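Overview (structure and organization)
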Amino acid sequence: MKSPASFKKAAAWALPYWTRGEAGRETPQDLFRVLYFGWLAAFTLKVLGSAWDVSWHFKWLRDDLAPPHLLNSVGTAIVVALTVIHGYTGYGVDKAALRLIQWGTGIFLVAVPLDLINHRVNGLDITSWSPSHISLYLGTFFMIAGVIRGWFMGAPPGRERVVVLGALFAFFLENVHFPEQHQEYGILSLGAWDNRATYAEPILLQFAADQMGRPIDRTMMAGFTLPVPDFLYPVYAVVAVLSVLVAARVMIGRFGAATLIAAGYVGFRTLAWPLLTFTGFPPSAVPFFMILAGLLVDVAFLLRMPVLRAVLGSAGVTAAAYGGLAAQSAVMGPVYGAIQGHEGLLGAPPLVMASAVWAGLGLLVVWLAVEWMAGRRRSRPVETAPRAVVAPATS
C-alpha cells in the first residue's frame, strides 16, 4: 500500500500537466507513457471482467452487481478518467484519436443504462447479439480504435511502440470477437445437455424456459445456448474478426504480427478456460482456428502487390478459418469431453461450409479497403502528431 508521501509525490508530478489545451499538443514522454499504460490497465480489467461475465451468465441468473460486472466497472472508471484527461489537456492524442475515444466512451456510457432498462423490461437477454449489447461493443470499438491511433501517431519508434501496439490490437480483437463467445459457450452447454448434464443453475433454466413459454427441454436449451443462425459464427469470424488481424499487420508492418496477436488472445482464452471450469463455471470452445488464420495473414503480406495480396490472402485465410473450425469440431471435441467427463462435446460452434464463399467475399472487400486506406496514408504528407517528447530538466 502506497504511503501518503508517495501520493504527494505523484500529485506533485501530475498537477503541472493539468492545464487546458487543444488535442495534438506536444506531450512529455513520461506523461505519454503513463496515459497509455493507464489504457492498458483499463482494458486488462475490462477483458478480465468480460471473460468471466460470459461464463457467469451461462451459470447464474443475471445480477447487476455480479463480480464480473464490478471488475469491468473498475476498468470503465479508468477509461472515463483517461477520456476526461485527454479531452481537457489535449495531451497524448490528435484530434481524430480524441474524437474516437470520446465518441466510443460516450456510446458505451449511454449503452449501459439502456442495457439495464432492457433487462428490467424484457427480462433475461439470452443472446450476446442483442441491440443493447451490440451498443456496448460498438462503443468499445471506437474507444480502442482511438487509443490505437493515439499510440500509433505519438509513440516514438522502437520495440515498446510495437509491443504496445500489438497489445492494443489484441484488446481490439477480443472486443470484436466477444459476441461470438455466446456460441462458444453455447455449443458445449448444449452438448452437456445431450449427455444428461447441465452447467446452468435450475433457476436460470426455469427463467429462460418461462420467457420462451416452453418446458425445460432440448428445444428450449437450443434456443438458450444457440439463439442465432449457424452461419453467423463463421461468417462474422472471417469478415469482422480476422479483418482486425489484417489491419494490425498493416499498421505494425512486421511479419508475425497477426499470428502473435491471434496467439496472444487464444492463449488468454486457453489460460482462462481451466480457471473458470475448475471453479465450477461452464466451459467454452476456444477459437484455436484464429492462430492458423493469423499465420495465413502474415504469409499473404509476403506478396508485394496489394490487390493480389488481398485476393489470395482472403481465399487462404477463409480456407484456414473454415478448415480450422472443422478440425476443432472433429478433434477437440473428445478432448473437452474427456476433461468434463462427457463424451462427444463439440469443440467449435456449428459450421455451415456453404457460407465460406460469402465470408471470403466479405473479407476481400474489407481487406481491399484496408489496403486502399494504407496506400492513401503512404501517399500523403506526414501529419502533425502529438509526439511524445523528453521533458526538459527542471532545477
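The shown structure was predicted, so the numbers you read here are calculated from the model rather than taken from an experiment.

What follows deals with the overall build of the protein chain. The helix and strand inventory of the protein chain stands at 14 helices and two strands. Expressed as a percentage of contacts within the protein chain between residues at least 6 apart in sequence, the contacts between residues at least 24 apart total 78%. For the protein chain, the exposed area adds up to about 18400 Å²; of that, 70% sits on carbon and sulfur atoms.

Moving on to the pattern of salt bridges. According to the stated counting rule, one finds eight salt bridges in the structure shown. The partner of E160 in a salt bridge is R33, and the shortest N-O contact between them spans 2.8 Å. Of this pair, E160 sits in helix α6 (residues 159-177) while R33 sits in helix α2 (residues 29-57), and the two are 127 residues apart along the sequence. Residue class for R33 comes out partly exposed when judged on its relative accessible area of 34%.

Attention now moves to a nonpolar patch on the surface. Residues M305, V307, L308, V311, L312 and L368 make up a contiguous nonpolar surface patch of about 520 Å² in total accessible area. No other element matches helix α13 (residues 306-340), which puts four residues into the nonpolar patch. Note that M305 resides in the loop between α12 (289-300) and α13. Residue class for M305 comes out exposed when judged on its relative accessible area of 54%.

This brings us to the packing of α2 against α6. Between α2 and α6, whose axes approach to 11 Å, the crossing angle comes to 30°. As judged from the angle between their axes, α2 and α6 are roughly parallel. In terms of crossing hand, the pair formed by α2 and α6 is left-handed. Contacts from R33, F37, L40, F43, T44, V47 and S50 of α2 reach α6 at E160, V164, A167, L168, F171 and E174. Looking at the contact of α2 with α6 residue by residue, the class counts come to eight nonpolar, two polar and three charged.

Let's shift gears to the packing of aromatic side chains. Considering all chains together, one arrives at 16 aromatic pairs under this definition. When the centroid spacing of 5.8 Å and the interplanar angle of 20° are considered together, the rings of F301 and W367 count as stacked. Within this pair, whereas F301 is found in the loop between α12 and α13, its partner W367 is found in helix α14 (residues 356-379), the two being separated by 66 residues in sequence. Residue class for F301 comes out buried when judged on its relative accessible area of 12%. Linked through ring pairs, F141, F142, F169 and F172 together constitute an aromatic cluster. Over the aromatic face of Y91 sits the side chain of R25, whose NZ or CZ is 4.0 Å from the ring centroid. A cation over an aromatic ring shows up here: R161 above the ring of F152, its NZ or CZ 4.8 Å from the ring centre.

This paragraph deals with helix α9 (residues 218-225). The complete set of buried residues in α9 reads M220, M221, F224 and T225. The buried residues of α9 occupy an angular sector of 120° when projected down its axis, which confines them to one face.

With respect to the helices and strands, G360 occurs in helix α14. Judged by relative accessible area, G360 falls into the buried class, the value being 14%. Spatially, the C-alpha atoms of G360 and G313 are 9.5 Å apart, while their sequence positions differ by 47 residues. Apart from residues no more than four positions distant in its own chain, G360 is found in contact with S314 and T318.

Before going further, it helps to spend a moment on the confidence of the model for the protein chain. Counting all residues, the mean pLDDT for the protein chain is 87, and 87% of those residues have values of 70 or more. Contacts for the low-pLDDT stretch residues 334-346, under 50 throughout, to residues beyond four places or in other chains number 33 contacts. Note that pLDDT drops below 50 for residues 391-395; the model gives that stretch two contacts with residues more than four away or on any other chain.

Parameters at a glance
Residues numbered from 1 in each chain as written. Predicted model: local features only at pLDDT ≥ 70, side-chain atom pairs only at ≥ 80, totals over all residues. Heavy atoms only, no water. Helix = DSSP H or I, 4+ residues; strand = E, 2+ residues; numbered from the N terminus. Contact = heavy atoms within 4.5 Å. Areas by Shrake-Rupley, 256 points an atom, 1.4 Å probe, with all protein chains shown as cover. Salt bridge = Lys/Arg side-chain N within 4 Å of Asp/Glu carboxyl O. Buried < 20%, exposed > 50% of the residue type's maximum accessible area, 1.4 Å probe, protein only. Patch = residues over 30% accessible without salt bridge, like charges linked within 9 Å, V, L, I, M, F, W, Y side chains within 5 Å. Axes fitted to C-alpha atoms, helices over the stretch in contact; angles between N-to-C directions. Parallel < 35°, antiparallel > 145°, perpendicular 65-115°, else oblique. Left-handed = near helix turned anticlockwise from the far one by under 90°. Nonpolar A, V, L, I, M, F, W, Y, C, P; charged D, E, K, R; others polar. Phe/Tyr/Trp six-rings, centres within 6.5 Å; stacked < 30°, edge-to-face > 60°. Lys NZ or Arg CZ within 6 Å of the ring centre and 35° of its normal. Arc of directions from axis to C-beta. pLDDT = per-residue confidence, 0-100.

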